[in-house]
Amino acid sequence: KIGETPKVPFGFNDDGSEPAPQGPYYCGAGYGLAIGRPVADEHYKKCLQAGVKIAGINAEVMPGQWEFQIGPCRGIEMGDHLVMSRYIMLRVTESHGCICSFSPKPAEGDWNGAGCHTNFSVKP
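Residues numbered from 1 in each chain as written. Predicted model: local features only at pLDDT ≥ 70, side-chain atom pairs only at ≥ 80, totals over all residues. Heavy atoms only, no water.

### Examining the pattern of salt bridges
And step 1. For the structure shown, the criterion picks out two salt bridges.
And step 2. Here Lys53 ties to Glu77 by a salt bridge, and the two come within 3.1 Å at their closest N and O atoms. Here Lys53, found in the loop between helix H1 (37-50) and strand E1 (54-59), pairs with Glu77, found in helix H2 (residues 77-96); they are 24 residues apart in sequence, far enough to count as distant.
And step 3. Look at Lys53 and you get partly exposed, because its relative accessible area is 34%.
And step 4. Judged by its relative accessible area of 23%, Glu77 falls in the partly exposed class.
And step 5. A salt bridge links Glu94 to Arg91; the nearest nitrogen and oxygen atoms lie 3.5 Å apart. Here Arg91 and Glu94 lie together in helix H2, a separation of three residues that amounts to about one turn. (Salt bridge = Lys/Arg side-chain N within 4 Å of Asp/Glu carboxyl O. Helix = DSSP H or I, 4+ residues; strand = E, 2+ residues; numbered from the N terminus. Buried < 20%, exposed > 50% of the residue type's maximum accessible area, 1.4 Å probe, protein only.)

Now the structure itself:
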């Protein structure tokens, strides 16, 4: 419903039941596995067009769950690129009729979380 937080993640069954267990969706390709690829691909392209330092994307373990990697960046510019990439994702989802969640655990049950993790180098 309009104005309510969705309770069924993208790629889950409309009746609220869970799809097949996690595993084949991770870095998956093909119908029924790479759920949401058009959203992820458009987001990646729009970030590149906007000058956001985006290094890649991949499907995650839950249907409809995608990860994108921002960087490489120096120092606090990482925050600028991350905030802009999130804004672009929210705008892209408008045209696909879905909603993006940045929740670290968007679905209860045996599904891996989706926290914002950071990779860094200690070499100058």
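### Topic: the nonpolar core
And step 1. By size, the foremost hydrophobic cluster in this structure holds nine residues: Val39, Cys47, Val52, Ile54, Ile70, Ile88, Met89, Val92 and Cys98.
And step 2. Elements represented by at least two residues in this core include exactly H1 and H2.
And step 3. Top element by residues in this core is H2. It accounts for three residues.
And step 4. If sequence neighbours within four positions are ignored, Met89 has contacts with Val39, His43, Phe68 and Cys100.
And step 5. By size, the runner-up hydrophobic cluster in this structure holds five residues, among which are Phe12, Tyr25, Met62 and Ala107. (Core = buried A, V, L, I, M, F, W, Y, C linked by side-chain atoms within 4.5 Å. Contact = heavy atoms within 4.5 Å.)

These results come straight from atomic positions and should not be treated as a statement about function.
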